[in-house]
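# Residue-level structure breakdown
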Amino acid sequence: MTVTLKEIIDEVLINLSGYTYQQDRSTYLTTAVTTTTSPSTSPTILSLASTDNVGKGIIEVGEELMWVDSFDRIANKATIAPYGRGYLGTTASTAAVDTKVTISPIFPRYVVKKAVNDTLQAIGSQLLAVKRTSFVYNAAVTTYELTGLNIENILTMTW
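Bear in mind that the values here come from a model prediction, so they are computed numbers and not experimental data.

### Some words on the sheet that holds strand S2 (residues 45-47)
Pairing is antiparallel across the open sheet formed by 6 strands, whose spatial order is S1-S6-S3-S4-S5-S2. Edge positions in the open sheet fall to strand S1 (25-28) and S2, since each of these has one partner strand only. Averaged over neighbouring strand pairs, the angle between their axes works out to 40° when direction is ignored. Bridge count between strand S3 (residues 57-61) and strand S6 (residues 100-103): 3 bridges; the pairing is antiparallel. By the bridge assignment, Val61 is partnered in S6 with Val101.

Okay, here's the thing in structure tokens:
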């Protein structure tokens, strides 16, 4: 079974949300974000399902943090500041329709991702990989050579 970093982060975020009384407020995009910049001459304007909880400040779209400069509650739009894409060192990226937008995230994804990566790096060589090795049964063979397979320990054996 292969577990991706995204699955680990999703699980950590679910677990962390149970340790706070404050819950993330969210909405979603009704129009895709197709650019990665927000110049003052042509700022990124997000079309949202609702702007009820949106205010000036940080929002999270995917793994990117953005700084909302202004918002329009009638048109359900949020304008991103010229310095607002890739806020706090996150990577500016595009986003599809229906992508979740978290308003003032309690645990931003990039912070959790950095913490998980820092922990994995700190563990270093103590982190072990598990892999499966199979042998084809041969009645004439009573032992199998394990050298060259980079095996330190055998966790289980089945036949």
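### With respect to the pairing of strand S4 (residues 64-72)
Summarising the sheet, S3 and S4 pair through 5 bridges and their orientation is antiparallel. In the strand pairing of S4, Ile59 is matched with Met66. The hairpin formed by S3 and S4 contains 2 residues between the paired strands, and Gly62 there has a positive phi angle of roughly 65°. Sheet analysis places S4 next to strand S5 (residues 77-80), joined by 4 bridges and oriented antiparallel. Bridge pairing links Ser70 to Thr79 in S5.

### Section: helix H2 (residues 109-123)
With 15 residues, H2 should cover 21 Å at 1.5 Å per step; its first-to-last C-alpha distance of 21 Å lies within 8% of that length. Arg109, Val112 and Val116 are the residues of H2 that are buried. With its buried residues spanning 70° around the axis, H2 presents them on a single face. For H2, the exposed residues lying more than 90 degrees away from the buried face are Gln121 and Ala122. Immediately downstream of H2, the backbone of Gly124 shows phi near 55°, a positive value.

### Section: the environment of Ser50
With respect to the helices, strands and loops of the structure, Ser50 is situated in the loop between S2 and S3. In this structure, the C-alpha to C-alpha distance between Ser50 and Asn76, residues 26 residues apart in sequence, is 5.6 Å. In this structure the side chain of Ser50 is engaged in a polar contact, spanning 3.1 Å, whose partner is the backbone nitrogen of Asp52.

Rules used in this analysis
- Residues numbered from 1 in each chain as written.
- Predicted model: local features only at pLDDT ≥ 70, side-chain atom pairs only at ≥ 80, totals over all residues.
- Heavy atoms only, no water.
- Pairing = 2+ DSSP bridges.
- Helix = DSSP H or I, 4+ residues; strand = E, 2+ residues; numbered from the N terminus.
- Axes fitted to C-alpha atoms, helices over the stretch in contact; angles between N-to-C directions.
- Expected span 1.5 Å × (residues − 1).
- Buried < 20%, exposed > 50% of the residue type's maximum accessible area, 1.4 Å probe, protein only.
- Arc of directions from axis to C-beta.
- Polar contact = N/O pair within 3.5 Å; in protein donor to acceptor, adjacent residues only side chain to side chain.

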